[in-house]
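# Descriptive analysis of the structure
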Amino acid sequence: MKQATLAAAADQGAEFERFRRPTRRDVFLQTMDAIVPWAELCEVIEPHYPKAGKGRPPIGLERMLRMYFVQHWFNLADEACEEALLDSTALRRFVGIDLGRERVPDGTTLLKFRRLLEDDKHKLGAALFAKVGEVLQSKGMKVGTGTIVDATIISAPSSTKNDKGERDPEMHQTKKGQQYFFGMKLHIGVDSQTGLAHSTVVTAANVHDKHPLRELLHGEELEVFGDSAYASQQALIAAKAPKAKDRTNQRVRGTGCLADLERIVNRIKSKTRSRVEHVFAVVKRQFGFSKVRYKGLAKNATRAFVALGLANIYLARKRLVA
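The structure contained in this document is the topic of the report that follows. (Residues numbered from 1 in each chain as written. Predicted model: local features only at pLDDT ≥ 70, side-chain atom pairs only at ≥ 80, totals over all residues. Heavy atoms only, no water.)

## Let's talk about the environment of Gln137
Note the threshold: Helix and strand definitions here come from DSSP, where helices need a minimum of 4 consecutive H or I residues and strands a minimum of 2 consecutive E residues; each element is numbered from the N-terminal end. Whether a residue is buried, partly exposed or exposed follows from its accessible area with a 1.4 Å probe, protein chains only, as a fraction of its type maximum: under 20%, in between, or over 50%, in that order. By the convention used here, residues are in contact when the closest approach between their heavy atoms is within 4.5 Å.
Summarising the element assignment, Gln137 is placed in helix H8 (residues 124-138). Overall, Gln137 belongs to the partly exposed group, its relative accessible area being 32%. Taking the C-alpha atoms as reference, Gln137 lies 36 Å from His172; in sequence the two are 35 residues apart. Dropping the residues within four chain positions of it, Gln137 is found in contact with Lys142 and Val143.

## So, the environment of Phe280
Examined against the element boundaries, Phe280 turns out to sit in helix H12 (residues 275-286). On the basis of relative accessible area, Phe280 is assigned to the buried category, the value being 4%. Counting along the chain gives 122 residues from Phe280 to Ser158, while the straight-line C-alpha distance between them is 22 Å. With sequence-adjacent residues up to four places away left out, Phe280 is seen in contact with Asp150, Ala151, Thr152, Leu186, Ile188 and Arg285.

## Considerations on the packing of aromatic side chains
To be explicit about the condition: For Phe, Tyr and Trp, where Trp contributes only its six-membered ring, two rings pair if their centres lie within 6.5 Å, and the inter-plane angle classes them as stacked under 30 degrees, edge-to-face over 60, or tilted in between. Two conditions define a charge located above a ring, namely a distance within 6 Å from the ring centre to NZ of Lys or CZ of Arg, and an angle within 35 degrees of the ring normal.
Per the stated rule, a full pass over the model turns up ten aromatic pairs. Judged by centre distance (6.2 Å) and plane angle (80 degrees), the ring pair of Phe28 and Phe74 falls under edge-to-face. Remark: Phe74 occurs in the loop between helix H4 (61-73) and helix H5 (78-87) and Phe28 occurs in helix H2 (residues 24-35); sequence separation between them is 46 residues. For Phe74, a relative accessible area of 26% gives the class partly exposed. Residues Tyr68 and Phe69 carry aromatic rings whose centres are separated by 6.3 Å and whose planes lie at 40 degrees to one another, so their mutual orientation is tilted. Each member of the pair Tyr68 and Phe69 is classed as buried. Among the aromatic residues, those joined into a ring-pair cluster are Phe28, Trp38, Tyr49, Tyr68, Phe69, Trp73, Phe74, Phe94, Phe113 and Tyr314. Against the face of Phe74 rests Arg25, its NZ or CZ located 5.0 Å from the ring centre.

## Section: the nonpolar core
Defined as follows: Side-chain atoms within 4.5 Å are what join buried Ala, Val, Leu, Ile, Met, Phe, Trp, Tyr and Cys residues into a set we call a nonpolar core.
In terms of nonpolar packing, the biggest core is built from 72 residues, with Ile45, Leu65, Phe69, Trp73 and Phe113 touching the most fellow members. Counting residues per element, this core draws most heavily on helix H13 (residues 297-315), which supplies eleven residues. Look past the residues within four positions of Leu65 in its chain and what remains in contact with it is Trp38, Leu41, Cys42, Ile45 and Phe113. Leu217, Val224, Ile237 and Ala241 belong to the second-largest nonpolar core, a separate cluster that totals twelve residues.

## Details of empty space enclosed by the protein
Vacant regions in the atomic arrangement are exposed by a probe of water-molecule size rolled over the atoms. Let me state the cut-off plainly: In this analysis the probe radius is 1.4 Å and the grid spacing 1 Å, with only protein atoms considered; a cavity is a set of points the probe fits into but cannot get out of, a pocket is an open set with protein on both sides within 12 Å along at least five of seven lines, and lining residues have an atom within 4 Å of a point. Grid points are joined across faces, edges and corners, and a volume is the space filled by probe spheres set on the points. By the convention adopted, Pro, Cys, Tyr, Trp, Phe, Met, Ile, Leu, Val and Ala count as nonpolar, Lys, Arg, Asp and Glu as charged, and the other residues, Gly among them, as polar.
If you walk through the whole model with that rule in mind, you get two cavities of 30 Å³ or more. Taken as a whole, the largest cavity spans an internal volume of roughly 80 Å³. Taken together, Tyr68, Gln71, His72, Asn75, Leu76, Arg114, Glu118, Arg293, Tyr294, Lys299, Thr302 and Arg303 make up the lining of the largest cavity. Going through the elements one at a time, H4, helix H7 (107-118) and H13 are the ones with two or more residues in the lining of the largest cavity. Its residues assigned to classes, the lining of the largest cavity shows three nonpolar, four polar and five charged. The computed volume of the second largest cavity comes to approximately 50 Å³. Forming the boundary of the second largest cavity are Leu41, Phe69, Leu128, Phe129, Val132, Val306, Gly309 and Leu310. Taken together, the elements giving at least two residues each to the lining of the second largest cavity come down to H8 and H13. Residues belonging to the lining of the second largest cavity are distributed by class as follows: seven nonpolar, one polar and no charged.

## Some words on the packing of H4 against H7
For clarity, the cut-off: Axis lines are fitted through C-alpha atoms, for helices just across the contact stretch, and the angle between N-to-C directions can take any value from 0 to 180 degrees. When an angle is under 35 degrees it counts as roughly parallel; over 145 it counts as roughly antiparallel; between 65 and 115 it counts as roughly perpendicular; any other value is oblique.
Packing of H4 against H7 brings their axes to within 10 Å, and their N-to-C directions diverge by 90 degrees. The orientation of H4 relative to H7 falls into the category roughly perpendicular. Contact residues: Leu61, Met64, Leu65, Met67, Tyr68 and Gln71 in H4; Thr109, Leu110, Phe113, Arg114 and Leu117 in H7. Counted by class, the contact of H4 with H7 contains eight nonpolar, two polar and one charged residues.

The structure is reproduced here in structure tokens:
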């Protein structure tokens, strides 16, 4: 067992800071440290992670994964994540870094790790999302017979003030209401009972919500919920989930008793459908993924898969701690 250095003792408190109390960041990191299935997630990446040999030995896989998750939770760029670890004892304690013995992994090291997960050959981002789903199901959070489908726009820079004088060719513009948006679209399928995402598709923003509908269903649904963008899609639903009843909100126009009745029915459906917004709130508001950070759909899709997996763990934290 290694002897703790003075730097590590200071990071761990060691009764030097008598009047310090845990911050919300401390509580969050302690909770995530306890409930994230580190061993299972490392098993997904380990076959593709660099092995010790000639040259500088690789940094421990779990340590890099923890640093990568810190980047997601606090919406940090590669170098900003390095600086945050240098600045915060709470983050160093979570990642497991003792400044008396070792350096903080630099931004380039994190970049190389991120590119490993973004590699289109291995699709490790999607694999991590799937592994989180497997672990949560093994903990009793089974995928039920109801699915809520929805989509949200993730904005991208529309400026052409760059070297090529053009916008990202893989992102597109779309109109929502009376406003135009440029970027990509995140489509998800959420279990109506647990409120956890079980499927996701990433497209350009101009792809209509209904097109990835079949990929968001697992096939055993008895009910499918969604907003009015999915109205009148019974054929698409039946093609993947033949036993499912269409519970999507219907478009209502005009006035009168029939129109009022349709609005009441839509409000009743929305009590269940609104659970999908909890997932988007965590991903976009708490984790800050409301704008793309990278160029192209593939890199941002990997970020979306990992963010959704982490959102599932966060939303299930009370059940996992119990």
